Every structure is written in structure tokens, then in C-alpha cells.
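Read off the chains here:
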Amino acid sequence: MTSIVQTVNEERREYEGGASRPTRAYFATLLTYGGCLAALAGLTRLRGRTLPDSLSSRDLFLISLSTHKLSRTLAKDPVASPLRAPFTRFKGASGPAELHEEVRGTGARHAVGELLTCPFCLAQWVATAHVAGLIFAPRATRLAAGTMTAVAFSDWLQLAYAWLQQRAED
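Residues numbered from 1 in each chain as written. Predicted model: local features only at pLDDT ≥ 70, side-chain atom pairs only at ≥ 80, totals over all residues. Heavy atoms only, no water.

Thoughts on the overall build of the protein chain
Under the convention used in this document: Secondary structure follows DSSP: runs of H or I at least 4 residues long count as helices, runs of E at least 2 residues long count as strands, and numbering of each begins at the N terminus. Radius of gyration: C-alpha atoms only; globule rule: 2.2 Å multiplied by the number of residues to the exponent 0.38. Throughout, a contact is declared for two residues whenever any of their heavy atoms are within 4.5 Å. Residue burial considers only the protein chains on display, and all accessible areas are found by Shrake-Rupley using a 1.4 Å probe. Only four residue types enter the charge count: Lys and Arg as positive, Asp and Glu as negative, with His and the chain ends excluded. By convention, charge coordinates are those of NZ in Lys, CZ in Arg, CG in Asp, or CD in Glu.
Regarding its fold elements, the protein chain presents seven helices and two strands. Reading the protein chain from its N terminus to its C terminus gives the helix and strand order α-α-α-α-β-β-α-α-α. In terms of overall size, the protein chain is more extended than a compact globule, its C-alpha atoms giving a radius of gyration of 20 Å where 170 residues would be expected to give roughly 15 Å. Oriented by its inertia axes, the alpha-carbon framework of the protein chain measures out at about 65 × 50 × 25 Å. Intrachain contacts of the protein chain at a sequence separation of at least 6 include 57% that bridge at least 24 residues. Approximately 11600 Å² of the protein chain is accessible, and the part contributed by carbon and sulfur atoms is 62%. Charge centroids of the protein chain, computed over 19 positive and 14 negative side chains, lie 8 Å from each other.

Printed below as a string of C-alpha cells:
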């Protein structure tokens, strides 16, 4: 067992190349995600639910746009900043209604901060929650996903409107 631990630590040091990376915390995050999937699978079986053979085009569309919007909201929105505050430091605005925050801390705190400030990273978790919602509460999930999809389209329309206004002024 000792040689396995030594090999893992050696590989970690080799990967990090002298940089301070929370690879152990990343591994714990991966295990947490896997544990959530296992728990969802177990709950699905306990509740006697069956997995769909596939997602309908409508559900895929709703989940995709809703995942995009909810991930960006959680990672960048000023109103969601209290969720990120223990893991980040405010640095300023980064775009319309979005914040730039730097991750702080080490180990698990740093890894969670990276997850919470990255809409691409959060998307995996959000999409998984959407799919779980389709299994356990499809009507409520479709309603929530539809709402977030409408907000995403509204955002794009706001940006397009601002762009058109700017072009008209130039």
C-alpha cells in the first residue's frame, strides 16, 4: 500500500511541476460527483423509476439553454456572489451583469472556488441536476428549465438591442 501512495504522490508532484495545484481536492470533487451519481442511481432504483431511453429534442433544448443560463448565473451573477464569497475575492465587473472574482485559499477551498467561478465547470453539475429532475419531478423541472431558457433568450435580446443601439449611435 505504501508504494501505491508513494507512486500517487510522485505522479501528483510530477504533474504539478512545482505549481501549487489542489489535485487532491480535485480528486475529492470527482469522487463527490461520482457519489452523487451513485446516490441518484440508487434513489432511482429505490423509487422504482425507470430511465428514459433518450431525451426528447424539446427536453434537450430546454436543458441545454437552462444549463447555460443557470451555470452562468451561479458562477458570475452579482446576486449569487454570497454563494461564492467564502471561496473568492471580488475584483470587479467582467461584463454586463457579471462579476470577475479570483479564487482564494488552498486545497478544497481553492478547488470549490474554481468550480463555483467557472460556468463551464458548473455546467456538468447543473445538467446532471436537470436530468435527475426529469426523472423525479419532470413537470417542475421542465417549468424551471423553461423559465431559465426564457431568461437566457432575454439576455441575448438585451445584448443584441444594446449592440444595435450602439451601432445606430455610431
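Considerations on the pattern of salt bridges
Our working rule: Salt bridges are identified by distance alone: a Lys or Arg side-chain nitrogen within 4 Å of an Asp or Glu carboxyl oxygen. Any residue under 20% of the maximum accessible area for its type is buried, any over 50% is exposed, and the rest in between are partly exposed; the area is computed with a 1.4 Å probe on protein chains only.
In total, this model carries seven salt bridges according to the counting rule given. With a closest N to O distance of 3.3 Å, Arg21 and Glu114 form a salt bridge. Of this pair, Arg21 sits in the loop between helix H1 (2–16) and helix H2 (23–46) while Glu114 sits in helix H5 (residues 107–117); the two residues are 93 residues apart in sequence, bridging distant segments of the chain. One salt bridge connects Glu102 with Lys91, and the closest N-O pair in it is separated by 4.0 Å. Residue Glu102 is found in strand S2 (residues 98–103), and its partner Lys91 is found in strand S1 (residues 88–95); the two are separated by 11 residues along the sequence. Under the relative-accessibility criterion, Glu102 is labelled partly exposed at 40%. Given the relative accessible area of 43%, Lys91 is considered partly exposed.

Thoughts on unusual backbone geometry
In this structure, Ala97 is a non-glycine residue whose phi angle is positive, near 60 degrees. Within the fold, Ala97 resides in the loop between S1 and S2.

Observations regarding the packing of H5 against helix H6 (residues 119–136)
Spelled out, the test is: Axes here mean lines fitted to C-alpha atoms, for a helix over just the part in contact, with angles spanning 0 to 180 degrees between N-to-C directions. Working definition: roughly parallel below 35 degrees, roughly antiparallel above 145 degrees, roughly perpendicular at 65 to 115 degrees, and oblique for all remaining angles. When residues are grouped by polarity, Ala, Val, Leu, Ile, Met, Phe, Trp, Tyr, Cys and Pro land in nonpolar, Asp, Glu, Lys and Arg in charged, and all others, Gly among them, in polar.
Between H5 and H6, whose axes approach to 5 Å, the crossing angle comes to 85 degrees. On the basis of their axis angle, the class for H5 and H6 is roughly perpendicular. Residues Leu115, Leu116 and Thr117 of H5 pack against Pro119, Cys121, Leu122 and Trp125 of H6. In the contact of H5 with H6, the residues fall into six nonpolar, one polar and no charged.

Brief notes about empty space enclosed by the protein
Where empty space is left becomes clear once a probe the size of a water molecule has been rolled over the atoms. Stated formally: Using a grid of 1 Å spacing that covers the protein atoms alone, one calls a set of points a cavity when a 1.4 Å probe fits there but cannot get out, and a pocket when the set is open and has protein on both sides within 12 Å along at least five of seven lines; lining residues are those with an atom within 4 Å of a point. Grid points are joined across faces, edges and corners, and a volume is the space filled by probe spheres set on the points.
Enumeration over the complete set of coordinates arrives at one cavity of 30 Å³ or more. In this structure, the largest cavity occupies an estimated 30 Å³ of space. Listing elements by their share of the lining of the largest cavity, those giving two or more residues are helix H3 (57–76) and helix H7 (138–169). Looking at the lining of the largest cavity residue by residue, the classes come out as four nonpolar, one polar and two charged.

With respect to the environment of Ala160
With respect to the helices and strands, Ala160 occurs in helix H7. Along the sequence, Ala160 and Cys118 sit 42 residues apart, while their C-alpha atoms lie 24 Å from each other.

Observations concerning the layout of surface pockets
There is about 340 Å³ of room inside the largest pocket. At the level of secondary structure, the elements contributing two or more residues to the lining of the largest pocket comprise H3 and H7. Broken down by class, the residue content of the lining of the largest pocket amounts to five nonpolar, four polar and six charged. Quantified by volume, the second largest pocket comes out at close to 210 Å³. Lining the second largest pocket we find Tyr26, Thr29, Leu30, Tyr33, Ala111, Glu114, Leu115, Cys121, Gln124 and Trp125. Put simply, the parts of the chain that give the lining of the second largest pocket at least two residues each are H2, H5 and H6. Take the lining of the second largest pocket: its biggest share by element is four residues, from H2. Its residues assigned to classes, the lining of the second largest pocket shows seven nonpolar, two polar and one charged.

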